[in-house]
Amino acid sequence: KKTQKSLSYPLLIKARGGGGGRGMRLVQSATELESAISSASREAEKFFGDGTLLIEPFLKEIKHLEVQIASDAHGNVIHLYERECSAQRNYQKILEEAPSQGISSHLRDRLFHDAILLFQDLTYQGLATVEFLVTPDEQYYFTEVNPRLQVEHTVTEEILDIDLVSLQLHIAEGKSIDSYGTPLRDLRPTGHAIQARINAESSLDFLPQTGMLLE
């Protein structure tokens, strides 16, 4: 009980082994904590086979930014700029855009630096995404690494005029980032790209629902 009261509320409980809002609970007070942990752990175990949870501070009015990283077998790590996925519903991304709007060049450089620094200490071969939450005063918090090519990668392709699937295969073959046909270190974003998702929801409780897609 003492530990519960010493926590700062509101806080967020998250499943260690997954995402998409599964195993996630917003806790407003100490009286809600025990039941939230129990239900989140059960859900996490069901969906991810791992009931382990993380507890994080709940940040309001944040931007959700993700840095695209490429890392090869030769120790080279570069960033391919950032995407923003702040517009979400039920912890599911609704809009993905690149580049992010309304952030300073100083913040952008810090995010790139830290994302690259993280991978320099790893033995990783391929594309990955490092995700951050950013407050209005541009304090930022690391949330997770997605060690794969995400579905949102197409907005990065649009602003950089590059095929990330081709780059992923190039790296997987053991080749260097610097031997790729396009000089990756010289890329600069042009224009703006937005990806929108369609969510199928129940009209009664607005939870995800299956059904017919009509014109």
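Up top is the structure.
This one's a predicted model, so the numbers in the text were calculated from it and none came from an experiment. (Residues numbered from 1 in each chain as written. Predicted model: local features only at pLDDT ≥ 70, side-chain atom pairs only at ≥ 80, totals over all residues. Heavy atoms only, no water.)

Undergrad: For this particular structure, what's the right way to read the environment of K175?
TA: Within the element layout of this structure, K175 appears in the loop between α5 (164-172) and β11 (193-196). Taking relative accessible area as the criterion, K175 reaches 38% and is therefore assigned partly exposed. Linking K175 and A44, residues 131 residues apart in sequence, is a C-alpha distance of 38 Å. Separated by 3.0 Å, the side chains of K175 and E173 make a polar contact. (Helix = DSSP H or I, 4+ residues; strand = E, 2+ residues; numbered from the N terminus. Buried < 20%, exposed > 50% of the residue type's maximum accessible area, 1.4 Å probe, protein only. Polar contact = N/O pair within 3.5 Å; in protein donor to acceptor, adjacent residues only side chain to side chain.)

Undergrad: What am I meant to see in the pattern of salt bridges here?
TA: Note that side chains of opposite charge can pair when their charged atoms are close. Enumeration over the complete set of coordinates arrives at 14 salt bridges. Linking E43 and R25 is a salt bridge whose minimum nitrogen-to-oxygen distance equals 3.0 Å. Of the two residues, E43 is situated in helix α2 (residues 30-48) and R25 in strand β2 (residues 25-27); the sequence distance between them amounts to 18 residues. Residue classification places E43 among the buried positions, given a relative accessible area of 18%. The class of R25 is partly exposed, set by a relative accessible area of 23%. The residue D178 makes a salt bridge to R185 at a minimum N-O spacing of 2.7 Å. (Salt bridge = Lys/Arg side-chain N within 4 Å of Asp/Glu carboxyl O.)

Undergrad: Quick question: what am I supposed to make of helix α4 (residues 153-160) here?
TA: Structural remark: α-helix, 3.6 residues per turn; residues separated by three or four positions point the same way. With six of eight residues buried, α4 is to be regarded as a mostly interior element. Among all positions in α4, only H153, V155, T156, E157, I159 and L160 are buried. Buried residues in α4 make contact with β5 (77-84), β8 (95-98), α5 and β11. Just past α4, the residue D161 takes up positive phi, approximately 55°. (Contact = heavy atoms within 4.5 Å.)

Undergrad: Would you take a moment to explain the layout of surface pockets for this structure?
TA: Empty space among the atoms becomes visible once a probe the size of a water molecule is rolled across them. Estimated volume of the largest pocket: approximately 910 Å³. Taken together, 34 residues form the lining of the largest pocket, with K14, M24, H64, Q88 and Y91 sitting closest to its centre. For the lining of the largest pocket, the residue count by class is eleven nonpolar, twelve polar and eleven charged. Together, G20, G21, R22, M24, R25, E43, N90, Y91, Q92, L207 and P208 line the second largest pocket. Among the residues making up the lining of the second largest pocket, the classes are represented as four nonpolar, four polar and three charged. (1 Å grid on protein atoms, 1.4 Å probe; cavity = no way out; pocket = protein on both sides within 12 Å on 5 of 7 lines; lining within 4 Å. Points joined across faces, edges and corners; volume = space filled by probe spheres on them. Nonpolar A, V, L, I, M, F, W, Y, C, P; charged D, E, K, R; others polar.)

Undergrad: So what exactly am I meant to see when it comes to the sheet that holds strand β3 (residues 53-57) here?
TA: Hydrogen bonding along the main chain pairs the strands of a sheet, whether they run parallel or antiparallel. Strand order in the open sheet formed by three strands is β2-β1-β3, with antiparallel pairing between adjacent strands. Of all strands in the sheet, those bounded by a partner on one side alone are β2 and β3. Within this sheet the neighbouring strands show an average axis-to-axis angle of 25°, counted without direction. Looking at chain direction, strand β1 (residues 11-15) and β2 are connected through three bridges and run antiparallel. By the bridge assignment, L12 is partnered in β2 with L26. On top of the sheet, α2 reaches β1, β2 and β3; it is set at about 170° to β2, its chief contact. (Pairing = 2+ DSSP bridges. Axes fitted to C-alpha atoms, helices over the stretch in contact; angles between N-to-C directions.)

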